[in-house]
Amino acid sequence: MRTRQSPLNDRVAVLTGAAGGIGAETALRLVDKGVRVALLDRDADRLRPLAAKLGERAAAFPVDVTDADALERVTNDVAERFGRIDIVIANAGISGPLATVAAIKPADFEQVVAVNLLGVWHTVRATLPHVTARRGYVMLTSSIAAALPCPTVAAYAASKAGVEAFGRALRIELAHTGTAVGIAYFGAVDTGLVRGLMTRPSLADGLQKMPKVIGAPISVSRAGAAMVNGVERRSRSVYAPWWVPGLLAVRSQFAAADPFASRFPPLARLIEDVDHA
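Residues numbered from 1 in each chain as written. Predicted model: local features only at pLDDT ≥ 70, side-chain atom pairs only at ≥ 80, totals over all residues. Heavy atoms only, no water.

Undergrad: An account of the pattern of salt bridges is requested, with residue identities and associated values reported.
TA: A side chain of one charge can pair with a side chain of the opposite charge when the charged atoms of the two come close. The full count for this structure, using the stated rule, is seven salt bridges. Measuring nitrogen to oxygen at the nearest pair gives 3.3 Å for the salt bridge that ties Arg 36 to Asp 10. On the criterion of sequence distance, the pair formed by Arg 36 in strand β2 (residues 36–41) and Asp 10 in the segment before β1 (12–16) is long-range, its members being 26 residues apart. We note a salt bridge from Arg 134 to Asp 86, for which the minimum N-O separation is 2.8 Å. Of this pair, Arg 134 sits in the loop between α4 (106–133) and β5 (137–141) while Asp 86 sits in the loop between α3 (68–82) and β4 (87–90); the two residues are 48 residues apart in sequence, bridging distant segments of the chain. Residue classification places Arg 134 among the partly exposed residues on the basis of a relative accessible area of 43%. Connected through shared salt-bridge partners, Arg 84, Asp 86 and Arg 134 make up one network. (Salt bridge = Lys/Arg side-chain N within 4 Å of Asp/Glu carboxyl O. Helix = DSSP H or I, 4+ residues; strand = E, 2+ residues; numbered from the N terminus. Buried < 20%, exposed > 50% of the residue type's maximum accessible area, 1.4 Å probe, protein only.)

Dropping the structure here:
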């Protein structure tokens, strides 16, 4: 339990994508800091047991972030339950299927954008009046996919790049209100989603050829700790693992290499593998 008073003590946070993975770990750590947490996720079956486990400082609010009207209602319920909203963490996200742009079903592509980008927009829009009234803090979960070419998960990369651009614009727009905006960038995190992707032989082959420090997923615990540290410091950017800032700093060099990326044999095999799946 808490060993010292945190500056977050008794703050109220709204956290989407809270039922598992980074979201659940972040919720646990926020509660340990004395935060009262509204847990939002469409998976009510996992969300409610988590709220029960976290105790009186947490409450479950099942909702789909693609439903703007439902998010507005839930936001009002949260404010009524806890009295205010100081922090918003727009973390809900999905990867979608591994598929090339030519092969992916339009509905699958659009669902990724609806959850990852429009879901962030809906979350921010619904909660913003409450957060700005408290000169609070908004955290948006992006990804290193915002800076890297991501063949076979183009919808995911496009949506995360959109989150980054949205967050940077929001940060400037809210500066005069005293509300801070942070953007979280993670490499691969050891969740069920990532472990499933790693079973692709072509993708696993490519990762084995990368330096271990880059190819190996970090723990959910490390990602959650980075999130909460960022919230506590009202950070502009949150990173994990340590090499992510360097990668983001040289993104223009990566863009220059795009025409040659398809010549990387593991990547070519991955594209072929996915196209014939």
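Undergrad: Help me get a handle on the nonpolar core, residues and values and all.
TA: Of all hydrophobic cores here, the largest spans 35 residues; its most connected members are Leu 30, Leu 39, Ile 89, Met 139 and Phe 186. Here this core gets six residues from one element, more than from any other, and that element is helix α9 (residues 220–233). Excluding residues within four positions of it along the chain, Ile 89 makes contact with Val 14, Leu 15, Thr 16, Thr 26, Leu 30, Met 139, Met 227 and Val 231. In this structure, Val 12, Ala 38, Val 78 and Val 163 belong to the second largest nonpolar core, which totals 28 residues. (Core = buried A, V, L, I, M, F, W, Y, C linked by side-chain atoms within 4.5 Å. Contact = heavy atoms within 4.5 Å.)

Undergrad: Go over the packing of α3 against α4 with me, naming the residues and quoting the values.
TA: Any two packed helices are characterised by the angle at which their axes cross and by the distance between the axes. At their nearest, the axes of α3 and α4 sit 9 Å apart, and the two run at 35° to each other. Crossing hand, α3 versus α4: right-handed. Counted together, Ala 68, Leu 71, Glu 72, Thr 75, Asn 76 and Ala 79 of α3 and Gly 119, His 122, Thr 123, Ala 126, Thr 127 and His 130 of α4 form the full contact between these two elements. Within the contact of α3 with α4, the residues separate by chemical class into four nonpolar, seven polar and one charged. (Axes fitted to C-alpha atoms, helices over the stretch in contact; angles between N-to-C directions. Left-handed = near helix turned anticlockwise from the far one by under 90°. Nonpolar A, V, L, I, M, F, W, Y, C, P; charged D, E, K, R; others polar.)

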